[in-house]
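What follows is each chain in one-letter form.
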Amino acid sequence: MSKLFKEIKVSDLDSEKFIEKKKKEISKIVGKDRKAIVALSGGVDSSVVTMLGHKALSNRLEVCFVDNGLMRKNESDEVVSIFKELGVTVEVIDAKKEFFTALKGVSDPEQKREAITQTFYKNVFRKVIESSEARYLLQGTILTDIEETVAGIKRQHNVFEQIGIDPKKAFGYKIIEPLIEIRKDGVRKIAKALGLPKEIYNRMPFPGPALAARVIDEVTSEKIEIVREATTILEGELELEDTGAFQYMAILHEDKVTGMRNGKRDFGYQIEIRCWDSIDARVATPTELSWDILKRLSKRIATEVPGVVSVTYNITTKPPSTMEAI
Ligand code: XMP
């Protein structure tokens, strides 16, 4: 599959040369005196693209963080303050209502992804672009996103041209993708070279559809709140451990199960924990977390997250699993 696309392997990646080349490319495409917008989520991919764009265009780059209501606790404040330190002003766009409306009544995983894609690009970003002088959107698509979408495994929210969609025709603006030849390990190398802080270059991947990728069946604000709370506990606990994991996540199941609390029946939610060892997300194996950690996670999630009566740990490999639940 990777033969279809030009790949720069991390061992062949000369960070300084790559940065200079991309700065030049971005400046050339956007053009003198013209503006561009970047969609920053705070993940390592979009952070690298933001810094490349900032270096190339300075204040001709508008940096937007879309608050889709599906992000983790305090995520927008943290991203804004990290980038403020780097001299980059981030505008937060409140689009919670648009996303929850688009997700109402949608259960199918691919339809959920499609609803998020359409809301992000057609609804939210089209308006942002129309009200600015920008005609380009910079985004952090990487090679793995394209491969999985083209292979029909998962429709990654940010892949268009490679599957025959012309963003200009579909959304009214063009998209620039400076990271399309590299994978996550390459992006981390560039992030370091760009002087991004450790909390960014080591940041765990987080999917574009955000916590909506971790709610099985229909996404509602109540369910997002449950999975958000479980995520806060999981991330807080595992950050303190030296797991070496590539990524970990909490997933909220649709099926409820019978539990008991204070001697009474409590028919409640199930949270599934996944924790992955992987190099580049193409294949992955479950991290062998200690029984002590698993017990602590289960106890905290089942007592601190309202409505949860069952916590499980997934021990399947990718494949046949994928890393996210939808
Ligand atoms: P899967 O679930 O496909 O995930 O095994 C592989 C890696 O990709 C991330 N992921 C996404 N990232 N948009 C993204 O930007 C998406 O739609 C998306 N879906 C999955 C996932 O978190 C993992 O790191």
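Treat the numbers as computed from the prediction; the structure is a model and nothing was measured.

The contact between helix H4 (residues 96–103) and helix H5 (residues 109–130) brings their axes to 9 Å, and the two run at 145 degrees. In the packing of H4 onto H5, the handedness of the crossing is right-handed. For the pair H4 and H5, the contacting residues are Glu98, Phe99, Ala102 and Leu103 in the first and Lys112, Ala115, Ile116, Thr119, Phe120, Asn123, Val124 and Lys127 in the second. For the contact of H4 with H5, the per-class residue count stands at 7 nonpolar, 2 polar and 3 charged.

Further remarks concern the side chain of Glu235. Residue position: Glu235 is located in helix H10 (residues 221–239). In contact with Glu235, other than residues within four places in its own chain, are Arg72, Met204 and Tyr248.

Okay, the site of the ligand next. In the region of the ligand, 15 residues are neighbours, and Arg113, Glu148, Lys154, Lys318 and Glu324 sit closest. A distance of 2.7 Å is found between an oxygen atom of the ligand and a side-chain nitrogen or oxygen belonging to Arg113. Taking Glu148, its side chain carries an N or O atom lying 2.6 Å from an oxygen atom of the ligand. Protein contacts shield 93% of the accessible area of the ligand, which totals 490 Å² for the unbound molecule. Of the pockets mapped on this structure, the ligand occupies the largest cavity. Of the residues assigned to the shell around the ligand, the class counts are 5 nonpolar, 5 polar and 5 charged.

Our focus in this paragraph is helix H1 (residues 15–30). The terminal C-alpha atoms of H1 lie 22 Å apart, and with 16 residues this matches the ideal 22 Å at 1.5 Å per residue to within 8%. Of the positions making up H1, those classed as buried are Ser15, Phe18, Ile19, Lys22, Ile26 and Val30. Projected onto a plane normal to the axis of H1, the buried residues spread over an arc of 95 degrees and lie on a single side. Set apart from the buried face of H1 by more than 90 degrees, the exposed residues are Lys17, Lys24 and Lys28. Between a side-chain oxygen at the N-terminus of H1 and the backbone nitrogen of Glu16 the separation is 3.3 Å; the capping residue is Asp14. Looking at the residues trailing H1, positive phi occurs at Gly31, about 90 degrees.

Here strand E1 (residues 36–39) shows two buried faces, one formed by Ala36 and Val38 and the other by Ile37 and Ala39. Bridging between E1 and strand E2 (residues 61–67) involves 4 bridges; their strand directions are parallel. The residue of E2 that forms the bridge with Val38 is Val63. Here E1 pairs with strand E4 (residues 136–138) via 3 bridges, running parallel. Within the sheet, the bridge partner assigned to Val38 lies in E4 and is Leu138.

Right, let's get into the environment of Ala191. Along the chain, Ala191 turns up in helix H8 (residues 184–193). Sequence spacing of Ala191 and Met51 is 140 residues, and the spatial spacing of their C-alpha atoms is 8.6 Å. Excluding anything up to four places from it in sequence, Ala191 contacts Val44, Val48, Leu196 and Tyr201.

A few words on the sheet that holds E2. In any sheet, the strands associate via hydrogen bonds between backbone groups, in a parallel or an antiparallel arrangement. Taken together, the 5 strands give an open sheet; going across it, the order is E3-E2-E1-E4-E5, and neighbouring strands pair in parallel fashion. The sheet is open, and its two borders are formed by strand E3 (90–94) and strand E5 (174–176), each paired with just one other strand. Geometrically, the sheet is characterised by an average inter-axis angle of 35 degrees between neighbouring strands, direction not taken into account. On top of the sheet, H1 reaches E1, E4 and E5; it is set at about 160 degrees to E4, its chief contact.

We now examine the packing of helix H2 (residues 44–57) against H8. Direction vectors running N to C along H2 and H8 enclose 45 degrees, while the axes themselves pass 9 Å from each other. Compared by their axis directions, H2 and H8 come out oblique. The two elements H2 and H8 meet at a crossing, and its hand is left-handed. Where H2 approaches H8, its residues Val44, Asp45 and Val48 are matched on the opposing element by Lys184, Val187, Arg188, Ile190 and Ala191. A per-class count over the contact of H2 with H8 returns 5 nonpolar, no polar and 3 charged.

Procedures and definitions
Residues numbered from 1 in each chain as written. Predicted model: local features only at pLDDT ≥ 70, side-chain atom pairs only at ≥ 80, totals over all residues. Heavy atoms only, no water. Axes fitted to C-alpha atoms, helices over the stretch in contact; angles between N-to-C directions. Helix = DSSP H or I, 4+ residues; strand = E, 2+ residues; numbered from the N terminus. Left-handed = near helix turned anticlockwise from the far one by under 90°. Contact = heavy atoms within 4.5 Å. Nonpolar A, V, L, I, M, F, W, Y, C, P; charged D, E, K, R; others polar. Near = heavy atom within 4 Å. Polar contact = N/O pair within 3.5 Å; in protein donor to acceptor, adjacent residues only side chain to side chain. Areas by Shrake-Rupley, 256 points an atom, 1.4 Å probe, with all protein chains shown as cover. 1 Å grid on protein atoms, 1.4 Å probe; cavity = no way out; pocket = protein on both sides within 12 Å on 5 of 7 lines; lining within 4 Å. Sits in = over half its atoms within 2 Å of the grid points. Expected span 1.5 Å × (residues − 1). Buried < 20%, exposed > 50% of the residue type's maximum accessible area, 1.4 Å probe, protein only. Arc of directions from axis to C-beta. Pairing = 2+ DSSP bridges. Parallel < 35°, antiparallel > 145°, perpendicular 65-115°, else oblique.

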